[in-house]
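Tertiary structure, described
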Amino acid sequence: MAEHNYKFDVTMSCGGCSGAVTRVLTKLDGVKSFDVSLDTQTATVVAAPELTYEKVLQTIQKTGKKVTAGEADGEKKSVELIAE
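Topologically, aspartate 73 is positioned in the loop between strand E4 (67-72) and strand E5 (75-77). For the pair aspartate 73 and asparagine 5, spaced 68 residues apart in the sequence, the C-alpha separation amounts to 5.0 Å. Excluding its chain neighbours within four sequence positions, the residues that come into contact with aspartate 73 are Glu3, His4 and Asn5. A polar side-chain atom of aspartate 73 sits 2.9 Å from a polar atom in the side chain of histidine 4.

This is the structure we're talking about:
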């Protein structure tokens, strides 16, 4: 299985916001690399095959930041909060 490329549009108003997203992605197992940009309001994640889009979405949402759009491997996906 190939690695995944996930992209999220995240509402972040300051460096603390992007720092919070950076911290949770650093701790998430299966994240190979990521880029959190305050300028473009995005978080891009390269993930191991076993790490699901939903798990990354849930992890970012736990920071309290609003995810306004998301895609997995180039395909638009829902950003509705998923119950655990």
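Still more ground to cover, so stick around.
The next subject is unusual backbone geometry. Even without being glycine, glutamine 41 reaches a positive phi, approximately 60 degrees. Take glutamine 41: it is sitting in the loop between strand E2 (31-37) and strand E3 (42-47). Even without a glycine there, the phi angle at aspartate 73 is positive, about 50 degrees. For aspartate 73, a relative accessible area of 44% corresponds to the partly exposed category.

Let us look at the packing of aromatic side chains. The final tally for this structure, using the stated rule, is two aromatic pairs. Between the aromatic rings of tyrosine 6 and tyrosine 53, the centroid separation amounts to 5.8 Å while the plane-to-plane angle is 75 degrees, which identifies the pairing as edge-to-face. Here tyrosine 6, found in strand E1 (residues 4-10), pairs with tyrosine 53, found in helix H2 (residues 53-61); they are 47 residues apart in sequence, far enough to count as distant. Both residues of the pair, tyrosine 6 and tyrosine 53, count as buried.

All right, on to the side chain of glutamine 61 then. On the secondary structure map, glutamine 61 appears in helix H2. At a separation of 3.0 Å, a polar atom in the side chain of glutamine 61 contacts the main-chain carbonyl oxygen of valine 79.

Cut-offs and rules
Counting starts from 1 at the beginning of each chain's written sequence and moves along it residue by residue. Given that the model is predicted, a residue must reach a pLDDT of at least 70 before its local features are reported, and side-chain atom pairs must reach 80 or more before they are shown or counted; all residues, however, enter totals for whole chains, interfaces and linings. Water and hydrogen atoms were dropped before computing side-chain values, which therefore reflect all heavy atoms in the structure. The numbering of helices and of strands both runs from the N terminus, where a helix is a DSSP run of H or I of at least 4 residues and a strand a run of E of at least 2. Here, residues are in contact when the closest pair of their heavy atoms is within 4.5 Å. Polar contact criterion, stated in full: a pair of N or O atoms within 3.5 Å, where within protein one must be able to donate a hydrogen and the other to accept it, and residues adjacent in sequence count only if both atoms are side-chain atoms. When accessible area is computed with a 1.4 Å probe and restricted to protein chains, residues below 20% of their type maximum are described as buried, those above 50% as exposed, and intermediate ones as partly exposed. A pair of Phe, Tyr and Trp rings is counted when the ring centres sit within 6.5 Å of each other, with Trp represented by its six-membered ring. The angle between the planes then sorts it: under 30 degrees is stacked, over 60 is edge-to-face, the rest tilted.

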